[in-house]
Number of protein chains: 2
Amino acid sequence: MTSDEKTIKSTRIYSGRIIDVDLDEVELAEGNIRKREIVHHNGGAAILFIREGEVALAEQYRYAYKKVLIEIPAGKIEKGEEPKACAIRELEEETGYVADDAKLYLTIYPTPGYTDEIIYVYLVENAKFKSQKLDSGEYLNIKFMKITDVLRMIESGEICDSKSICALYKYANEHNLRL
Amino acid sequence: MTSDEKTIKSTRIYSGRIIDVDLDEVELAEGNIRKREIVHHNGGAAILFIREGEVALAEQYRYAYKKVLIEIPAGKIEKGEEPKACAIRELEEETGYVADDAKLYLTIYPTPGYTDEIIYVYLVENAKFKSQKLDSGEYLNIKFMKITDVLRMIESGEICDSKSICALYKYANEHNLRL
């Protein structure tokens, strides 16, 4: 009994740097009309980077929450950029590590009620250190931590970021790492 | 070297039913000014409902992705509503099951780059069937599935929703359920 929704009208509310916002009118199966508020985003790439049994985590101030969050490295996919190229670029910019390759590990829809963002999480297990290349105005600390310690930080609520939790639990599940 | 961002100016771009959108100007540590696009959301509550070793999943059309997604039951927290009350309400509306209590299981920030949404995931292991009470215009199918089958669907990409992946892997990790 799931049902498609037909777009009747679409109004662009806002065109921004990171997001665009549309207010659409849709027709439901039984003919009723509803409004849908949709945030468009070009998608993100994140990297589960494992080095000597430890995972790379970025501590970064997030304005939306007005606090520092702990997340796996990630960034916005530029127009026309391949997700894998974005993952390798962001890994180098944020951690200074250069990877020849990255393996698609998880595809995540962060919050399907109002955004069309897709986050592609890549696994990198081989990379060489070169140097960090942060964007102007970007501040972050990189730490390497044991997976079991990170599971403890998810459990305690110190790590709340969805892409990080998804990727870290998947890795723990595959490698039989438990609290 | 993480750094706070001071709000210089905040402009409300859009006030909607599900989201509000602000365009803020912030001052970075070194004095530079940047713009921040922020989607405000009142937060969501989701329910990991386990019945006889199986988990409740909702199949629901999601307009943002123009397709049917498979997710654990969830909904938007109303103004003034407690997250736990929202979880119990949504569980009953979507599945027909009434729970006396729900245990906070995970707190998730779905996509910290541009939204302040917090998703509270509750665990329910005891609930009695009454009857489904969907909102007008809400269509969804409820299925109960084995956790290992669900892990396979995450692995294959059939389940992409972040709150569902986080909650299901956490449960699998705690109960030593693996693919």
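Everything below is about the structure shown above.
Conventions used here
- Residues numbered from 1 in each chain as written.
- Chains lettered and ligands numbered in written order.
- Predicted model: local features only at pLDDT ≥ 70, side-chain atom pairs only at ≥ 80, totals over all residues.
- Heavy atoms only, no water.
- Helix = DSSP H or I, 4+ residues; strand = E, 2+ residues; numbered from the N terminus.
- Buried < 20%, exposed > 50% of the residue type's maximum accessible area, 1.4 Å probe, protein only.
- Contact = heavy atoms within 4.5 Å.
- Buried area = accessible area lost by both parts, 1.4 Å probe.
- Salt bridge = Lys/Arg side-chain N within 4 Å of Asp/Glu carboxyl O.
- Polar contact = N/O pair within 3.5 Å; in protein donor to acceptor, adjacent residues only side chain to side chain.
- Nonpolar A, V, L, I, M, F, W, Y, C, P; charged D, E, K, R; others polar.
- Phe/Tyr/Trp six-rings, centres within 6.5 Å; stacked < 30°, edge-to-face > 60°.
- Least-squares fit on C-alpha atoms with pLDDT ≥ 70 in both.
- Pairing = 2+ DSSP bridges.
- Axes fitted to C-alpha atoms, helices over the stretch in contact; angles between N-to-C directions.
- Parallel < 35°, antiparallel > 145°, perpendicular 65-115°, else oblique.
- Left-handed = near helix turned anticlockwise from the far one by under 90°.

**Q** Explain the overall build of chain A to me, and be specific about the residues and the numbers.
**A** Each helix and strand in chain A was counted, giving three helices and twelve strands. Taken along the three principal axes of its C-alpha coordinates, chain A extends 55 × 40 × 30 Å. Every one of the 179 residues in chain A was classed for burial, and the buried ones make up 55%.

**Q** Give a description of the interface of chain B and chain A that names residues and reports values.
**A** Interfaces are often described in size by the accessible area the parts lose on coming together. Residue-level contacts link 77 residues of chain B with 77 residues of chain A. Overall, the association of chain B and chain A removes approximately 6,600 Å² of surface from exposure, summing both partners, and the carbon and sulfur fraction of that is 57%. Three residues, Y63, Y109 and Y139 of chain B, lead the burial of chain B against chain A; their summed loss comes to 12% of the area buried on that side. Inspection of the chain B/chain A interface yields two salt bridges. The salt bridge involving K170 of chain A is made with E155 of chain B; its shortest N-O contact spans 3.5 Å. For the interface between chain B and chain A, the tally reads 38 residue pairs in polar contact (both at pLDDT 80 or more). For the side of chain B that touches chain A, the element with the highest residue contribution is helix α3 (residues 162-174) of chain B, accounting for nine residues. Its residues assigned to classes, the side of chain B that touches chain A shows 37 nonpolar, 18 polar and 22 charged.

**Q** Outline the pattern of salt bridges, listing residues and values.
**A** A side chain with one charge can pair with a side chain of the opposite charge if their charged atoms come near. Applying the stated criterion across every chain, the model contains 32 salt bridges over all chains. Note that R62 of chain A and E71 of chain A form a salt bridge whose closest N and O atoms lie 2.8 Å from each other. By relative accessible area, which is 2% here, E71 of chain A ends up buried. Close ionic contact of K133 of chain B with E92 of chain B constitutes a salt bridge, the shortest N to O distance being 3.5 Å. With K133 of chain B in the loop between β11 (128-129) and β12 (140-146) and E92 of chain B in helix α1 (residues 83-95), this pair connects stretches of sequence that are 41 residues apart. What makes K133 of chain B partly exposed here is its relative accessible area of 42%.

**Q** Which residues make up the packing of aromatic side chains, and what are the values?
**A** Applying the stated criterion across every chain yields a total of ten aromatic pairs over all chains. Ring centres of F49 of chain A and Y97 of chain A lie 5.0 Å apart, and the angle between their planes is 55°; this geometry places the pair in the tilted category. With F49 of chain A in strand β4 (residues 44-51) and Y97 of chain A in strand β8 (residues 97-98), this pair connects stretches of sequence that are 48 residues apart. Take F49 of chain A and Y97 of chain A: they sit in the same class, and that class is buried. Where Y97 of chain B meets F144 of chain B, the ring centres are 5.8 Å apart and the plane angle is 70°; that geometry is what we call edge-to-face.

**Q** Explain the relation of the copies chain B and chain A to me, and be specific about the residues and the numbers.
**A** Between chain B and chain A, which share one sequence, the superposing operator has a rotation angle of 180° and an axial displacement of 0.0 Å; the RMSD is 0.0 Å. On the angle and the small slide along the axis, the relation comes out as a two-fold axis. Same-surface contact between copies: 100% of interface residues of chain B are shared with the interface of chain A.

**Q** An account of the sheet that holds strand β1 (residues 6-15) of chain A is requested, with residue identities and associated values reported.
**A** Residues and elements named next belong to chain A. Taken together, three strands build an open sheet; the order of strands is β1-β2-β3 and the sheet is antiparallel. Both edges of this open sheet fall to β1 and β3 (33-41), since each of them pairs with a single strand only. On average, adjacent strands in this sheet sit at an angle of 20° to one another, irrespective of strand direction. Sheet topology note: the β1/strand β2 (residues 19-27) ladder contains eight bridges and is antiparallel. Among the inter-strand pairings, R12 is bridged to a residue of β2, identified as D22.

**Q** Provide a residue-level description of unusual backbone geometry, including the pertinent values.
**A** You will see that N176 of chain A, though not glycine, has its phi angle at about 55°, which is positive. Positionally, N176 of chain A belongs in the segment after α3 (162-174). Given a relative accessible area of 39%, N176 of chain A falls into the partly exposed group. Of note, K66 of chain B is a non-glycine position whose phi angle comes to about 55°, a positive value.

**Q** Quick rundown of the packing of helix α2 (residues 147-155) of chain B against α3 of chain B? Include the residues and the values.
**A** All names here are of chain B. With their axes 10 Å apart at the nearest point, α2 and α3 run at an angle of 135° to one another. On the basis of the axis angle, α2 is oblique to α3. Judged by the sense of rotation from one axis to the other, the crossing of α2 with α3 is left-handed. Seen from α2, the contacting residues are I147, V150, L151, I154 and E155; seen from α3, they are I165, L168, Y169, Y171 and A172. Partitioning the contact of α2 with α3 into residue classes produces nine nonpolar, no polar and one charged.

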